[in-house]
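Given next are the chains, with one letter for each unit.
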Amino acid sequence: MGILPQWWTDHSLIHFQIIVSSQVNKQVCPATYRKGRDWSKLPKDKINSTFTNQTHFDPDGSVDQNYHVYCNHITETLDKLAPLKKIKSRRKLSAPWFSEELKLLRIQCRQAERKWRRLHLESDKRLLKTAQAKYKGAIAKTKALVYATTILQSPNSTKTLFNIIRDLSNPACMSNKVVCDEIAIFFEEKITKIVGGLSQGKASCQDTLLQMVEEELPAVSSMESFPPLTEELFNSLAHSISSGTPLDPLPHRIWKEHGPEIFPWMRLICCQSLEEGVVPEAWKQAVVTPLLKKPSLDPTIPAHFRPISLLPYPLKVLEKVVVGPCLVI
């Protein structure tokens, strides 16, 4: 550092040297891969000719057997036309407050959860809740310490303070795996209680309903069988469905794009289901998504969530097939 006087002015020039390190410590996130299909490269002409093959449908087989054969046929076709491959997925960096201690506590929670799901013992359930409470308490303490340290280190940084206030006032729902596990356990227990209550009062409820129907409801026309399910009616009903689930053998977009080739199979299975009065077991599974009842409620309390069931695409088509004639009557 030095001072250089200038002859044309009474000011002086100050010169100095600053050494700036070019090395910046960045948190590098390792690349992760998942298995998936490239649906954009699916050849339409080949899939049309493949899905039109109905030789594997067995009229003497059960609904579950035919649907299982149908799903296997779709999987074999997709493995030939759009095989599974590794797709690079983005992985978010860990939160700055997520320490090694929290990682160990999370591992303990997962171990306790697996043990409880395997044996379903009350002692294991108590250990699981204890581990989850300990993990949540450690998260709260670590967050408070990290935010307090950040505020003390940046007393004059308005941007940093506003970012902290935004993160604290608008917490991301469902970002904590422990909360997700608690919600899943809460839903399972709630469904078990409902099923138990229905089984206990089933006979009395049936008698009460029959008495109400005989006394209050007027006589209505009955339907001995469903009307014939034509191809045009089935296609129109299938195209009116707007969503599906990840459990479906095909994405919802593929169902609609290749409907004329896929729907004949579906129509045969739906007709057989109506004739036998049996729904395939795969159609009874749903993807449950918890939805917060009100934005002002605490997202860490499982009772504040409402379960939203995403039903399989074929089951939605079957529902429309059944409801249509009933509404006419």
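Structure shown above.
Report follows, based on the coordinates. Just so it is clear, the model here is predicted, and its values are computed rather than measured. (Residues numbered from 1 in each chain as written. Predicted model: local features only at pLDDT ≥ 70, side-chain atom pairs only at ≥ 80, totals over all residues. Heavy atoms only, no water.)

If you tally the helices and strands in the protein, you get eleven helices and six strands. Burial analysis of the protein (329 residues in total) assigns 26% to the buried set. Relative to all contacts within the protein whose residues are 6 or more apart in sequence, the contacts with residues 24 or more apart total 71%. Carbon together with sulfur atoms contributes 58% to the accessible area of the protein, which is approximately 23,400 Å² in total. (Helix = DSSP H or I, 4+ residues; strand = E, 2+ residues; numbered from the N terminus. Buried < 20%, exposed > 50% of the residue type's maximum accessible area, 1.4 Å probe, protein only. Contact = heavy atoms within 4.5 Å. Areas by Shrake-Rupley, 256 points an atom, 1.4 Å probe, with all protein chains shown as cover.)

Summarising the element assignment, Gln-272 is placed in helix H10 (residues 259–276). Residue classification places Gln-272 among the buried positions, given a relative accessible area of 6%. Here Gly-61 takes part through its backbone oxygen, which lies 2.4 Å from a polar atom of the side chain of Gln-272. (Polar contact = N/O pair within 3.5 Å; in protein donor to acceptor, adjacent residues only side chain to side chain.)

This next bit is on the layout of surface pockets. The space that makes up the second largest pocket amounts to roughly 230 Å³. Every residue lining the second largest pocket is counted, 13 residues in all, and those nearest its centre are Phe-187, Glu-188, Ile-191, Val-288 and Pro-307. Where the lining of the second largest pocket is concerned, the elements lending two or more residues are helix H6 (177–200), strand S5 (287–292) and strand S6 (305–310). The element best represented in the lining of the second largest pocket is H6, accounting for eight residues. (1 Å grid on protein atoms, 1.4 Å probe; cavity = no way out; pocket = protein on both sides within 12 Å on 5 of 7 lines; lining within 4 Å. Points joined across faces, edges and corners; volume = space filled by probe spheres on them.)

Below, the discussion takes up the nonpolar core. Formed by 29 residues in total, the largest nonpolar core has its most connected members in Tyr-70 and Phe-234. Sorting the residues of this core by element identifies helix H2 (63–81), helix H8 (231–239), helix H9 (252–257), H10 and helix H11 (313–328) as the ones contributing at least two each. Of all the elements, H2 adds the most residues to this core, at seven residues. Ignoring anything within four residues of it in the chain, the contact list for Tyr-70 reads Trp-255, Ile-262, Trp-265, Met-266 and Ile-269. With eleven residues, the next largest nonpolar core counts Cys-109, Ala-138, Tyr-147 and Ile-164 among its residues. (Core = buried A, V, L, I, M, F, W, Y, C linked by side-chain atoms within 4.5 Å.)

In the Ramachandran plot, His-120 falls in the positive-phi region, its phi being about 55 degrees despite a non-glycine side chain. Tracing the backbone through its elements, the reader meets His-120 in the loop between helix H3 (100–119) and helix H4 (122–153).

Think of it this way: side chains of opposite charge can pair up when their charged atoms draw near. As enumerated under the stated definition, the model contains eight salt bridges in all. Glu-113 is paired through a salt bridge with Arg-117; the nearest N and O atoms lie 3.0 Å apart. Here the residue Glu-113 and the residue Arg-117 both occupy positions in helix H3, the gap between them amounting to four residues, near one helical turn. According to the relative accessible area criterion, Arg-117 is partly exposed, its value standing at 31%. A salt bridge links Lys-136 to Glu-182; the nearest nitrogen and oxygen atoms lie 3.8 Å apart. Pair noted here: Lys-136 is in helix H4 and Glu-182 is in helix H6, with a separation of 46 residues, a long-range link. By relative accessible area, Glu-182 is classed as buried at 16%. (Salt bridge = Lys/Arg side-chain N within 4 Å of Asp/Glu carboxyl O.)

Here we come to a nonpolar patch on the surface. On the surface, Leu-291, Ile-308 and Leu-310 cluster together into a nonpolar patch covering about 220 Å² of accessible area. Examined against the element boundaries, Leu-291 turns out to sit in strand S5. (Patch = residues over 30% accessible without salt bridge, like charges linked within 9 Å, V, L, I, M, F, W, Y side chains within 5 Å.)

This next bit is on the environment of Cys-270. As for its placement among the helices and strands, Cys-270 is situated in helix H10. In the structure, Cys-270 is positioned ten residues away from Pro-280 in sequence and 9.7 Å away in space, judged by C-alpha atoms.

On to the packing of aromatic side chains. For the structure shown, the criterion picks out three aromatic pairs. An angle of 85 degrees between the planes, with centres 5.4 Å apart, marks the rings of Tyr-67 and Trp-283 as edge-to-face. Here Trp-283 lies in the loop between H10 and S5 and Tyr-67 lies in helix H2, a separation of 216 residues in the sequence. For Trp-283, a relative accessible area of 1% puts it in the buried group. Where Phe-186 meets Phe-187, the ring centres are 6.0 Å apart and the plane angle is 50 degrees; that geometry is what we call tilted. Aromatic ring contacts, followed pair by pair, group Tyr-67, Tyr-70 and Trp-283 into a single cluster. (Phe/Tyr/Trp six-rings, centres within 6.5 Å; stacked < 30°, edge-to-face > 60°.)

With that settled, consider the packing of H2 against H10. Look at H2 against H10: their axes get within 10 Å of each other, and the N-to-C directions meet at 165 degrees. The pairing of H2 with H10 is recorded here as roughly antiparallel in orientation. Every pair of crossing elements has a handedness; the one defined by H2 and H10 is left-handed. For the pair H2 and H10, contact is made by Val-63, Asn-66, Tyr-67, Val-69, Tyr-70 and His-73 and by Ile-262, Trp-265, Met-266, Ile-269, Gln-272, Ser-273 and Glu-276, respectively. Of the residues contributing to the contact of H2 with H10, the split by class is eight nonpolar, four polar and one charged. (Axes fitted to C-alpha atoms, helices over the stretch in contact; angles between N-to-C directions. Parallel < 35°, antiparallel > 145°, perpendicular 65-115°, else oblique. Left-handed = near helix turned anticlockwise from the far one by under 90°. Nonpolar A, V, L, I, M, F, W, Y, C, P; charged D, E, K, R; others polar.)

Moving on, we come to the packing of H8 against H10. When two helices pack together, their arrangement is given by the angle between the helix axes and by the axis-to-axis distance. Axis separation between H8 and H10 bottoms out at 10 Å; the angle between their running directions is 105 degrees. As judged from the angle between their axes, H8 and H10 are roughly perpendicular. Contact residues: H8 offers Glu-231, Phe-234, Asn-235, Ala-238 and His-239, while H10 offers Phe-263, Met-266, Arg-267 and Cys-270. Partitioned by chemical class, the residues of the contact of H8 with H10 number five nonpolar, two polar and two charged.

Fair warning: the whole summary comes from geometry, so function is off the table for now.
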